[in-house]
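The primary structure of each chain is shown beneath.
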Amino acid sequence: MEIKEYEEKYAKGMSEIILSNLYTITIKDHGKEVVDRIARHFTEEEIKKNFPDRVKCFVAVDEDKVLGTASIDNIKSMYGVEVENSANKYIILTVFTHLEYQHQGIGKALIQKIDEYASNIGAEEVIILASVYGLEFYKKLGYDFYKGNNSQNEDGEYILSKKFNKISKKSL
């Protein structure tokens, strides 16, 4: 398995993984109506259109078979509230692993790649929204409750963050 940067050729596999996770796992916490609303953003066409605009998108692949994905992007606001000093703060988006390959270290490898990238670009803090299902996974990787708040938001998610030492940006 390798972690590669997003290329359009991975969009179909990414869409399949994301949608299967949404309709198998996420639906348990959020219900069909919410999942249907979310799912429309993850068709192959929507991924091709929108993912290249993210700061960085990584894809776990094995001989061009997509096994997982995770992205990092700028964060300016969260739930309509502006994030203070957002210039060096980022958010992790769309972390999913193929259902048949879960619990094999793929998600961990993707988050470690995101963390490495965040550190190299001088990120001060990275935020992630975690479901009940993903909470302990992210905590094991060093993420903790954002501003100490361990309650779920209105969408039933936990807001977690990890702080990074401020360093000068490196070119990647």
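Throughout this description, residue numbers start from 1 for each chain and increase along the sequence as written. Per-residue local features of the predicted model are confined to residues with pLDDT of at least 70, and side-chain atom pairs are confined, for both listing and counting, to 80 or more; whole-chain, interface and lining totals are unaffected and use all residues. The side-chain values count all of the structure's non-hydrogen atoms but skip hydrogen atoms and water molecules.

Asker: Which residues make up the packing of aromatic side chains, and what are the values?
Answerer: Aromatic ring pairs: the centre-centre distance and the angle between the two ring planes describe each pair. For Phe, Tyr and Trp, where Trp contributes only its six-membered ring, two rings pair if their centres lie within 6.5 Å, and the inter-plane angle classes them as stacked under 30 degrees, edge-to-face over 60, or tilted in between. Under the counting rule described, the total for this entry stands at 5 aromatic pairs. Counting every residue linked through ring pairs, the aromatic cluster contains Tyr-6, Phe-42 and Phe-51. Placement of a positive charge over a ring is assigned whenever Lys NZ or Arg CZ falls within 6 Å of the ring centre and within 35 degrees of the normal to the ring plane. Note that Arg-54 overlies the ring of Phe-51, its terminal NZ or CZ placed 3.9 Å from the centroid.

Asker: Quick one: what's the story with helix H1 (residues 11-39), residue by residue and with numbers?
Answerer: Between its first and last C-alpha, H1 extends only 14 Å over 29 residues, short of the 42 Å set by a 1.5 Å rise per residue. Along H1, the sharpest change in direction is near 120 degrees and occurs at Ile-27. A run of DSSP states H or I qualifies as a helix once it reaches four residues; a run of E qualifies as a strand once it reaches two. Both are numbered from the N-terminal end. Here the expected length of a helix is defined as 1.5 Å per residue gap, with one fewer gap than residues. The bend at a residue is defined as the angle formed between two axes, one fitted to the seven residues ending at that residue and one fitted to the seven starting there.

Asker: Talk me through the nonpolar core; I want residue IDs and the actual numbers.
Answerer: Buried Ala, Val, Leu, Ile, Met, Phe, Trp, Tyr and Cys residues that are joined via side-chain atoms within 4.5 Å together make up what is termed a nonpolar core. Remark: exposure states derive from per-residue accessible area (1.4 Å probe, protein chains only) relative to the maximum for the residue type, with buried under 20%, exposed over 50%, and partly exposed in between. Core analysis: the largest hydrophobic core is formed by 26 residues, its most contacted members being Ile-72, Ile-92, Val-126, Tyr-138, Tyr-143 and Leu-160. Secondary structure elements with two or more residues in this core: strand S2 (56-62), strand S3 (65-74), strand S6 (89-97), helix H3 (106-120), strand S7 (125-130), helix H4 (135-140) and strand S9 (158-163). Here the element with the most residues in this core is H3; it accounts for 6 residues. Throughout, a contact is declared for two residues whenever any of their heavy atoms are within 4.5 Å. Once you skip the residues sitting within four places of it in the chain, Tyr-143 turns out to touch Ile-92, Ile-111, Asp-115, Val-126, Ile-128, Tyr-138, Leu-160, Ser-161 and Lys-162.

Asker: So what about the layout of surface pockets? Which residues, and what values?
Answerer: As a volume, the largest pocket reaches approximately 1600 Å³. Lining residues are those with an atom within 4 Å of a point, where the points come from a 1 Å grid over the protein atoms alone and group into cavities, where a 1.4 Å probe fits but cannot get out, or pockets, open sets with protein on both sides within 12 Å along at least five of seven lines. Along the wall of the largest pocket there are 49 residues; nearest its centre are Thr-94, Val-95, Phe-96, Leu-129 and Tyr-138. For the lining of the largest pocket, the secondary-structure elements that each account for two or more residues are H1, S3, strand S4 (77-78), S6, H3, S7 and H4. The element contributing the most residues to the lining of the largest pocket is H1, with 9 residues. Taken together, the residues of the lining of the largest pocket sort by class into 23 nonpolar, 16 polar and 10 charged. Grid points are joined across faces, edges and corners, and a volume is the space filled by probe spheres set on the points. Gly counts as polar in this scheme, as do all residues outside two lists: the nonpolar Ala, Val, Leu, Ile, Met, Phe, Trp, Tyr, Cys and Pro, and the charged Asp, Glu, Lys and Arg.

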